[in-house]
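# Observations on chain architecture
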Amino acid sequence: MVEFEHGSKKLWVFRWGNNKSVVYRCSKFCVAHNSLLKWPGIQQGMLASGVTTCPGCLGDQDVIVATHGLERRASRGAKHAGSSVRTRAEQCLGGGRVRVYGDEEQSPRFSTPDAPKPLVIVTPLSTSHIQSTIYCSRNHGLQIRTRSGGHDLEGLSYVSEVPFVVIDLVNFRSVDVDVENREAWVQSGAVLGELYYRIVEKSRTLAFPAGNCHTVGTGGYFSGGGYGLLFRKYGLAADNIIDAQLIDVNGRILDRKSMGEDLFWAIRGGGGGSFGIVLAWKLNLVSIPTTVTVFTVSRTLEQNAIKLIHRWQYIAHELPDEIFSGVSVIRAANSSQDGKKTVLASFNSFFLGGIDELVPLIQKRFPELGLVKEDCIEMSWIESILYFGQIQNESLEILLDRNFRSPLTSPYYKAKSDYVKEPIPEIGLRGLWSRFSEEEAESAVIGFFAYGGIMDEIPETANPFPHRAGNLYKILYNVGWQEEDNINSERYISWARRVYSYMSSFVSKSPREAYINYRDLDIGTNNKGNTSYAQASIWGRKYFKNNFERLVRVKTMIDPENFFRHEQSIPPLVSSRKKIAH
């Protein structure tokens, strides 16, 4: 749906539903049939409504429409591939400002004027709207990109190089919490903050093991596995999903029983955009105490940060399951040396319990850190989400603001990931630290997240997420920059690639593993058309290891023509889909 703000009026390019539509336009364009639907009696500049039936499409049912005939001529499929709905609508309105729903993508790196734009953004209000979109898109060679929160790190939920439609699930965001059975149903358009808020409304001793960035959409997050403060105690988000509702390529609405265990296995960690559109997820809620403890202890390079991290590698993965332990490394000013830049390592932890239990435990296991009671804060689980999201001064209502710009990342950024199975020697850490002296590292962050706990006990094949036993910790490399410097984005991306290259001898090998929710197209992509199993295996085994083969079998079963696809979607073994013009 596209909303116009023209003077004091708010008008819509199109909407779905019951053969009715509201439009600020003299004509409409049916994406499915590349033709204008002429509306008699409608004059440009007037608010009007009328029938939008497209006889060649779905008869009297709902139909996709958009204003791509803004110069009183029809668009022709690929001819206008990537053209901006916003820009063309503004031309029609003579300068009126247009906002596309979902413009608040959390990675504006992919929202630049020259970035590919969808032919239309659909914000469905019912499942029939999604079914209709799939039907029309299949028949007319359009790809579908599905967006729940807009956090895909490579923009794959809202950008494509071929003609495409975005299904934005912003209206599919209900959360139904059942405290008695310790379960919840959450729709894919809800963000994590909405899920957390609704849980806490009903219970202070139940939670869900997911992440700290509250604006991340549940749909994409669950699809990739999803880790957070509780993952060493209870596993990933995907490990705690017990049912789901999915619309497949044929428009069928399937639950766990009707989709079968293979497909249910695949959607819990196999990545989004490959098997269908997940409408909702049934979650197993987990128990938490009323009081948890957090701390952040920071040390500079001059305060032996490298030696502390070197020691942390031997300790963190063996800490009790109730502890989350991480280290974030940034460049910072050294107050003791007239503002000269240094490297700052922040050791942060979350503990399911009180200060009096945590402090002696850390003092015994990691005495080098020098933790004291004054470093620690007791709070509730939900307050810890705000704390680690760096929004601890906000009220809980901030969790309901899906458009909030998280301080955890720069507006523009590039991320990569690694897994570490053997401690990195001090000399290796020093080499990594030296990269922070480069100009492009001004807003770079490298995060280390300890594994161990229950992650060592869950089999690699329990779901597609394979990074379990044998990992000491995961690394996130994140380099950021500001909007005014986006013209120089390649400099920053090159910095991330150089760091990643340097780390190759210290991390997992054969394959060099990666986390799909930190999507990285550098590690390999599919073709725009058919992609071979061998080609997809290049990136697929890095994300999924040997689980990739089973994912391919499931894809072949559920979507053999490869309708649901993108640059890193799971391919079928044999694709018989029709060739389309690019």
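What counts as what
- Residues numbered from 1 in each chain as written.
- Predicted model: local features only at pLDDT ≥ 70, side-chain atom pairs only at ≥ 80, totals over all residues.
- Heavy atoms only, no water.
- Helix = DSSP H or I, 4+ residues; strand = E, 2+ residues; numbered from the N terminus.
- Buried < 20%, exposed > 50% of the residue type's maximum accessible area, 1.4 Å probe, protein only.
- Contact = heavy atoms within 4.5 Å.
- Phe/Tyr/Trp six-rings, centres within 6.5 Å; stacked < 30°, edge-to-face > 60°.
- Lys NZ or Arg CZ within 6 Å of the ring centre and 35° of its normal.
- Polar contact = N/O pair within 3.5 Å; in protein donor to acceptor, adjacent residues only side chain to side chain.
- Salt bridge = Lys/Arg side-chain N within 4 Å of Asp/Glu carboxyl O.
- Pairing = 2+ DSSP bridges.
- Axes fitted to C-alpha atoms, helices over the stretch in contact; angles between N-to-C directions.
- Core = buried A, V, L, I, M, F, W, Y, C linked by side-chain atoms within 4.5 Å.

All right, on to the environment of Gly370 then. Looking at the secondary structure, you find Gly370 in the loop between α9 (355-365) and β22 (376-379). Taking the relative accessible area as the measure of exposure, Gly370 reaches 39% and is therefore partly exposed. It is 9.9 Å that separates the C-alpha atoms of Gly370 and Val359, two residues lying 11 residues apart in sequence. Residues contacting Gly370, with those up to four places away along its chain left out, are Arg299 and Asp375.

The geometry of an aromatic ring pair is captured by two quantities: the separation of the ring centres and the angle between the planes. According to the stated counting rule, one finds 28 aromatic pairs in the structure shown. With a centroid separation of 5.6 Å and 65 degrees between ring planes, the pair formed by Phe208 and Phe222 is classed as edge-to-face. In this pair, Phe208 is assigned in the loop between β14 (206-207) and α4 (218-223) and Phe222 in helix α4, connecting sequence segments 14 residues apart. Residue class for Phe208 comes out buried when judged on its relative accessible area of 1%. With a centroid separation of 5.9 Å and 65 degrees between ring planes, the pair formed by Tyr543 and Phe544 is classed as edge-to-face. For the pair Tyr543 and Phe544, one class covers both residues: buried. Every member of this aromatic cluster is reached through a ring pair, and the members are Tyr227, Phe231, Phe324, Tyr419, Phe449, Tyr451, Phe465, Tyr515 and Tyr518. For Lys233, the ring lying beneath its charged end belongs to Tyr234, and the centroid distance is 5.9 Å.

With respect to the helices, strands and loops of the structure, Ser406 is situated in the loop between α10 (381-388) and β23 (412-420). When the C-alpha positions of Ser406 and His214 are compared, they lie 8.3 Å apart, and in sequence the two are 192 residues distant. Within the structure, Ser406 has its side chain in polar contact with the backbone nitrogen of Leu408 (distance 3.1 Å).

Another aspect to go through is the pattern of salt bridges. Counted by the stated rule, this structure contains 35 salt bridges. Here Lys545 ties to Glu513 by a salt bridge, and the two come within 3.5 Å at their closest N and O atoms. One end of the pair, Lys545, is in the loop between α13 (533-544) and α14 (547-558); the other, Glu513, is in the loop between α12 (489-502) and α13, and 32 residues separate them in sequence. In terms of burial, Lys545 and Glu513 fall into one category: buried. A single salt-bridge network, built from bridges that share partners, covers Glu154, Lys414, Lys416, Glu490, Arg497, Asp520 and Asp522.

Attention now moves to the sheet that holds β22. Reading across from one edge, β22-β19-β21-β20-β24-β25-β23 is the order of the seven strands in this open sheet, with antiparallel pairing throughout. In this open sheet, the two edge strands, each paired with only one partner strand, are β22 and β23. Each adjacent strand pair in this sheet contributes to an overall mean axis angle of 20 degrees, direction not counted. Sheet topology note: the strand β19 (residues 292-300)/β22 ladder contains four bridges and is antiparallel. Counterpart to Phe295 in the pairing with β22 is Cys376. Packing against the sheet, α12 makes contact with β23, β24 (445-450) and β25 (473-481), and its axis sits at approximately 160 degrees to β25.

What follows covers the nonpolar core. In this structure, Phe222, Ile267, Phe350, Ile362 and Trp381 are the most contacted members of the largest nonpolar core, which totals 135 residues. Ignoring any residue separated from it by four or fewer positions in sequence, one finds Phe350 in contact with Leu229, Leu230, Val292, Thr293, Val294, Glu322, Ile323, Phe324, Trp381, Ser384 and Phe388. Judged by nonpolar contacts, the second largest core, of 12 residues, contains Ile167, Leu169, Phe172 and Phe563.

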